[in-house]
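Inside the fold
So the chains spell out like this:
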There are 2 protein chains.
Amino acid sequence: MSVIRNILNSRSYKGGNFFNILTQILGFKPKTLSPYKKAFTHRSLNRRDEDGNAINFERLEFLGDAMLSAVVASHLFRAVPGGNEGYLTKMRSKVVSRKHLNELGKDLGLIEHVQTNIPVTQFGVNIHGNLFEALVGAIYLDRGYKYCERFIYERVIDPYVDIEQLEGKVISYKSLVIEWCQKEKKEFDFEVYEDTGNDELKHFAVKLRIENRVVAKARATSKKKAEEKASKRAYYALQTKIK
Amino acid sequence: MSVIRNILNSRSYKGGNFFNILTQILGFKPKTLSPYKKAFTHRSLNRRDEDGNAINFERLEFLGDAMLSAVVASHLFRAVPGGNEGYLTKMRSKVVSRKHLNELGKDLGLIEHVQTNIPVTQFGVNIHGNLFEALVGAIYLDRGYKYCERFIYERVIDPYVDIEQLEGKVISYKSLVIEWCQKEKKEFDFEVYEDTGNDELKHFAVKLRIENRVVAKARATSKKKAEEKASKRAYYALQTKIK
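Right, let's walk through the structure included here. (Residues numbered from 1 in each chain as written. Chains lettered and ligands numbered in written order. Predicted model: local features only at pLDDT ≥ 70, side-chain atom pairs only at ≥ 80, totals over all residues. Heavy atoms only, no water.)

A few points about the relation of the copies chain A and chain B
The second copy of the chain is related to the first by a rotation about an axis and a shift along the axis. For the pair chain A and chain B, the superposition axis carries a translation of 0.0 Å, the fit reaches an RMSD of 0.1 Å, and the rotation angle comes to 180°. When the rotation and shift are considered jointly, the pair of chain copies conforms to a two-fold rotation axis. When each C-alpha of chain A is compared by its distance to the rotation axis, A:A70 comes out closest, at 3.2 Å. The residues that chain A uses at the interface reappear at the interface of chain B in 100% of cases, marking a shared surface. (Least-squares fit on C-alpha atoms with pLDDT ≥ 70 in both. Contact = heavy atoms within 4.5 Å.)

Shown next, in the form of structure tokens:
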């Protein structure tokens, strides 16, 4: 049933609704809707423009991928002044990995807005990342590099790019916190609840308690990420205290 | 001897001279010289900043490569609306191929300005392309994406990106013109002369004569490119005439 609902929903939205959804996803107001419409159009609709060129999100993936690579390269270049070419290349491939892009697309719920003639369940696992890339491509066409950069910072770099974690020095802050609590024989508890507020996107909030005291709070688009964010905050707070 | 001259030259330029050379190469005035100085510093000098980070052009190659890929992706996306993702990816890899970047770096004579402790003859064949990438990276740091885009259009896309040629439909306009002349039993002649004018960079001018009439003129940074440019002009002029 939910598959059918998705298809119907995606086909029935009017310009106004789509504009609002986009503004929510993008964090700014789009100027021209057409690139975004393309970014949510699946090839199964067989749409073509007057010159016979296919209208779907596949070409936009190419463009978005290029912009993602450039923005992340520029960020890493500045963030890790000691990293050589090989290091920067490796780190970038982690940030823009298929797995990570799929997570990002999934968190933004992009698939819910796809216009398609086939059930979304038939899409491959990479649909989420592909839609995310296409969206970045559409932003570039609509507002240029600066807005692309801003979007990538807000949605990718600021929340999720942690150099130490990327380097494999820290696999998970949550596990570090749990280890610490176990070693120190402290009780801990992650309280997770939905806290969507005024957002169109689903959000989760986490309170991390150690010995019944809230030591960190965080909010993100998935439970796992909210827990990780809270753990990271707690971890640094604990380190400062120990010093 | 010329190797030693290169090394001496490269070490002896003052800020003012470097600024003028850069302005000539870039086609605009640089704001901050430091990224460009880095772009022309070879690792053999073992330079380090106060934090111990290496100062040489290698990290800038990573950044420049990312910007080149993004700008060329955006150009191809718009220039070939019928090209799918696979096509666009293939075309881009032709434009930013090692071979092509080496040609571009060589044409700009970038190697003449490298600061190094080893003779330039010991650099690998890819030094020209590496310097070109590093220069693009420096432009990004100095003036941002827009200037990077402008530079890449002026130095790469406008003069050398020909979709038909990239697709392999036209290997060389010069050979097309020669073929046509032979078939039509017309005499032809390429007159090439150096025409550097006020430019810092060496330039060549070509007059293409068919039956003693100049049918096309062109100017470029190598003989081969000037001939190709003139041939392309002549080719389209001939086609228009034939129709």
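Concerning the sheet that holds strand β2 (residues 204-210) of chain A
Residues and elements named next belong to chain A. Strands sit in the order β1-β2-β3 across an open sheet of three strands; the sheet is antiparallel. Bordering the open sheet on either side are β1 (188-194) and β3 (213-220), each of which pairs with just one other strand. Neighbour-to-neighbour, the strand axes of this sheet turn through a mean angle of 20°, independent of strand direction. Looking at chain direction, β1 and β2 are connected through seven bridges and run antiparallel. Across the sheet, F190 pairs through a bridge with L208, a residue of β2. (Pairing = 2+ DSSP bridges. Helix = DSSP H or I, 4+ residues; strand = E, 2+ residues; numbered from the N terminus. Axes fitted to C-alpha atoms, helices over the stretch in contact; angles between N-to-C directions.)

Observations regarding the pairing of strand β2 (residues 204-210) of chain B
Residues and elements named next belong to chain B. Within β2, five of the seven residues are buried, which leaves the element mostly enclosed by the surrounding structure. The sheet contact formed by β2 and strand β3 (residues 213-220) spans seven bridges and is antiparallel. Bridged to I210 within β3 is R213. Turn length for the β2-β3 hairpin, with the two strands adjacent in sequence and antiparallel, is two residues, and the turn residue E211 shows positive phi of about 50°. (Buried < 20%, exposed > 50% of the residue type's maximum accessible area, 1.4 Å probe, protein only.)

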